[in-house]
Each structure stands twice: as structure tokens, then as C-alpha cells.
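# Results of the structural survey
What follows is each chain in one-letter form.
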Amino acid sequence: MRGRKKRHGSWCDWRWQLQHAIRSVEALEAEALVERASAEALVPVVNRYPLCITPYYLELANRADPADPVLLQCLPDRRELDGGQAADPFAEEGSTDVPGLVQRYPDRALVMTTSACAVACRHCTRKNLLGDQRHVVGSRRWAAVCEELQKRPAVREVILSGGDPLLLETEALEHMLHDLHAISHVEVVRIGTRVPVVLPMRIDDALADALARHRPLWVNTQFNHPVELTADALAACERLISRGIPVSNQAVLLRGVNDNLDTLRELCNSLQRNMIRPYYVFQCDPVQGTGHFHTEIGKGIELSHELSCSLGGLAMPRFVADVPGSDGKTPLGELTMEGSSS
Ligand code: SF4
């Protein structure tokens, strides 16, 4: 089983995992993940889009396979520097007067809590924003966020996003959750996190207990491939679910990673078997630096149809796209095939 080889005292310590994350091209070379001949070309990529891979996540990869789904999601690629798409297609930056507070829908607001992630996913929608602290709330703008939310009574749900909110110190996270629930019109808080996938040891009993003190709380995560559903990852989700915190999955359809029927079927069945709701499969957003992951809309429609013929309703996710300028998620079936290459 992947993810079960290296075990030592520090391996299960999430801080150790972050301290030993790969963050440079030199470290990739040292781990024999890139050859010297191609390493130089990756330096400008990593200067533009930071690199971060936890030892835990790297252990899930089959290093001998350049098409490995884990490696594709975390290793830098020269194609990230290809232009042609918008850095911030959903105009998140500047959508409110408070940097890091985003409101695209009347009843929901999103907070970019931190720029830190345990793994810098190469397909990340916010890869052009996260490196810049000006777009992130952090602790210094938190009071301003709460003040602004007080003035927006239509907001009933707040999404803590990032970066990854579960990389905040537990005390800071609890402070945020407490303040949000103190706003009378905020009914629900949602956390968007990839920590269950890339750093599951962070979700220990202490964190799960802390989160459970602030329900109603929902957690959305992003498993994109069945190899990511390790025993450690499932145990992390179970710690939340058993405390009354529902965990849903928002996979991203990624070319070469999961854009085939067998992979998606196995992913959705495994999620359902482990009480994680297979909620969405997102079309990869049209964000600068991610073009090599994009699939045609027609491919998503085809996969959605094929999957619906072989999965029960509870295991079947909704295939949707976030379309710049639209006021909600758009089911892929409603998008025309014309101009659909995203
Ligand atoms: S964890 Fe989320 S925010 Fe961070 S790089 Fe991955 S997709 Fe982006």
C-alpha cells in the first residue's frame, strides 16, 4: 500500500512534515525527482509559483512513473509559464474593500486566511494570488473582516479558505470560528482544506475536538485520485466525521491525473464507502499557469454521463464549472460544446 513505507518518531508530527517539505529545485534534484539537465529550466517556474511537497504526500508517488498522479499534482512543470489565461479570472482580488475577503455570491463570503499550504498544488486556482501577502487576511486584518461581515446581513455562510486554514495554529483557528459564529446572521462556516490529502497527521484528536466545538461546521476537501485515500487520510476524515463534522469532496478534473472513467469510479466509490460525500467534480479553472491540466468540456460531460451509468446516486458527484462572470457553479451539461476548451 502506498504511504506506508517510512515510519519513524517524527513522521506523524505535522510540524516535522512541514519542516522537511521540499521547497527548492535543489531539493528535487537531491531526491532524484528531476535530472540535472531539466532542473535549470524549473528554476523560473519555482520562482514564479512556489514549490512545497510534504514527505508524506511524496511517499504516495511512484517515482519511477513520470505520469504518476501524485507527481503530476505536485512537481513543477515548465508549461506553467505558458501564458494565455487570466491570473485572477474570478476577480477575487478587490471584490470587497478588505483584501482577502471575497464575495462573489450574495449569501456567501470567502476568507483567504493564509497563504500557506502543505503542498503547493500545481493546478491551484489561486496560484497567482497566494504568494502575495496583500491578498491574504492573516491575523492583522481579521478584525476588519468581522466588521465588514457585520455590515453584510445577507451573508449566511462563510468559507474559510486559503491557502489552507488548517495550517493555522489551532488557537488562531478557534478564535476565527468563535468570532464568525458570534455574528448573528452567519449560520454556517465551511473550511476548504487539502490537509486530509497532503498532511493528514495535522487532524489529530486535539484539532478535531477544537473544530467540533464550533459546529455547524462543514469541511470540504479535495481528493483527486484513489491513491490519495490512504489509511492516514481516511483516519483524519473519520476524526472529523465521528465528531459531527461532515466531510465532502470537491475533486478537480485534471488531464492525465483523473480524466478517465475507472479512476473516477474508484475514487467516488471509495469516498462513499468511507462516508465522505463525493460532492463535486470541478472543471479545472481557466487560471494562468494551469493550462496543461485542462480538459475539454466535452470530456467532462462524457465522463459525467458514463459515471452516472455505473454509480449509485449517493456516490455520484455533480460535474460543474466555475465560469468567470456567472453567479454560481454551472453544470457542465449546460455549457455549450462551442468554445469549451477552457
Ligand atoms: S491546498 Fe488548496 S489553496 Fe493550497 S495549493 Fe492546493 S488547491 Fe491551492
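Nothing here was measured: the structure is a model prediction, and the numbers come from that model. (Residues numbered from 1 in each chain as written. Predicted model: local features only at pLDDT ≥ 70, side-chain atom pairs only at ≥ 80, totals over all residues. Heavy atoms only, no water.)

This next bit is on the packing of aromatic side chains. Taken as a whole and assessed by the stated rule, the structure comprises three aromatic pairs. A ring pair is formed by W11 and W16, whose centres lie 5.8 Å apart and whose planes are at 50°; its orientation type is tilted. Accessibility assignment for this pair places W11 and W16 in one class, buried. Site record: aromatic cluster; members linked through ring pairs are Y279, Y280 and F282. Between the NZ or CZ atom of K127 and the centre of the ring of Y49, over which it lies, the distance is 4.3 Å. Here R202 stacks its cationic end above the ring of W14, 4.3 Å away from the centre of that ring. (Phe/Tyr/Trp six-rings, centres within 6.5 Å; stacked < 30°, edge-to-face > 60°. Buried < 20%, exposed > 50% of the residue type's maximum accessible area, 1.4 Å probe, protein only. Lys NZ or Arg CZ within 6 Å of the ring centre and 35° of its normal.)

The next subject is the site of the ligand. The immediate surroundings of the ligand are formed by C117, V119, C121, C124, L130, G163, R194 and Q222. A per-class count over the shell around the ligand returns five nonpolar, two polar and one charged. (Near = heavy atom within 4 Å. Nonpolar A, V, L, I, M, F, W, Y, C, P; charged D, E, K, R; others polar.)

Moving on, we get to helix α10 (residues 231-241). Listed in full, the buried residues belonging to α10 are D232, A233, A236, C237 and L240. All buried residues of α10 project into a common sector of 135° when viewed along the axis, lining one side. Looking at the buried residues of α10, the elements they touch are α4 (55-59), α8 (195-198), α9 (205-212), β5 (217-221) and β6 (247-253). (Helix = DSSP H or I, 4+ residues; strand = E, 2+ residues; numbered from the N terminus. Arc of directions from axis to C-beta. Contact = heavy atoms within 4.5 Å.)

Turning next to the packing of helix α11 (residues 261-273) against helix α12 (residues 297-310). The N-to-C vectors of α11 and α12 enclose an angle of 50°; their axes lie 10 Å apart at closest approach. The angle between α11 and α12 falls in the class oblique. In this structure, α11 crosses over α12, and the sense of that crossing is right-handed. Mapping the contact onto sequence places L261, L264, R265 and C268 in α11 and L303, E306, L307 and S310 in α12. When the residues that make up the contact of α11 with α12 are grouped by side-chain class, the tally is five nonpolar, one polar and two charged. (Axes fitted to C-alpha atoms, helices over the stretch in contact; angles between N-to-C directions. Parallel < 35°, antiparallel > 145°, perpendicular 65-115°, else oblique. Left-handed = near helix turned anticlockwise from the far one by under 90°.)

What follows concerns the pairing of β6. With respect to burial, β6 is a largely interior element, seven of its seven residues being buried. Neither face of β6 is open: one carries V247, N249, A251 and L253, the other S248, Q250 and V252, and all of them are buried. In terms of strand pairing, β5 meets β6 through three bridges, oriented parallel. Across the sheet, residue N220 finds its bridge partner in β6, namely S248. Handedness of the crossover is the feature at issue here: the chain leaves β5, passes through α10, returns alongside β6, and the resulting connection is right-handed. The sheet contact formed by β6 and strand β7 (residues 277-283) spans six bridges and is parallel. Residue pairing across strands places V252 opposite F282, the latter belonging to β7. (Pairing = 2+ DSSP bridges. Right-handed = clockwise from strand over helix to strand, strands pointing away.)

For the rest of this paragraph, the subject is the pairing of β5. Counting buried residues along β5, four of its five residues qualify, which places the element largely inside the surrounding structure. Bridge count between strand β4 (residues 188-192) and β5: four bridges; the pairing is parallel. Directly across from I191, in β5, lies its bridge partner V219.

Attention now moves to the sheet that holds strand β8 (residues 318-322). Read from one edge to the other, the open sheet built from nine strands follows the order β1-β2-β3-β4-β5-β6-β7-β8-β9, with strand pairing classed as mixed. Both outer strands of the open sheet, β1 (101-105) and β9 (329-331), are each paired with one neighbouring strand and no more. Direction aside, neighbouring strands of the sheet carry axes that sit 30° apart on average. As judged from the five bridges shared by strand β2 (residues 108-112) and strand β3 (residues 157-161), these two strands associate in the parallel manner. The residue bridging V111 from the neighbouring strand is L160, located in β3. On top of the sheet, helix α7 (residues 170-181) reaches β3, β4 and β5; it is set at about 165° to β3, its chief contact.

What follows covers the nonpolar core. Counting residues in hydrophobic clusters, the biggest one holds 87 residues, and the most contacted among them are I53, Y57, L149, L199, L211 and F223. Apart from the residues within four sequence positions on either side, I53 is in contact with A21, I22, L28, L58, C74, L75, A118 and V119. L110, M112, L129 and L130 belong to the second largest nonpolar core, which has six residues in total. (Core = buried A, V, L, I, M, F, W, Y, C linked by side-chain atoms within 4.5 Å.)

Let's shift gears to the state of the cysteines. Overall, the coordinates contain zero disulfides when judged by the stated rule. Of all cysteine sulfurs in the structure, the one in C124 sits closest to C284, which takes part in no disulfide; the separation is 9.8 Å. The buried category is assigned to C284, whose relative accessible area is 3%. (Disulfide = S-S within 2.5 Å.)

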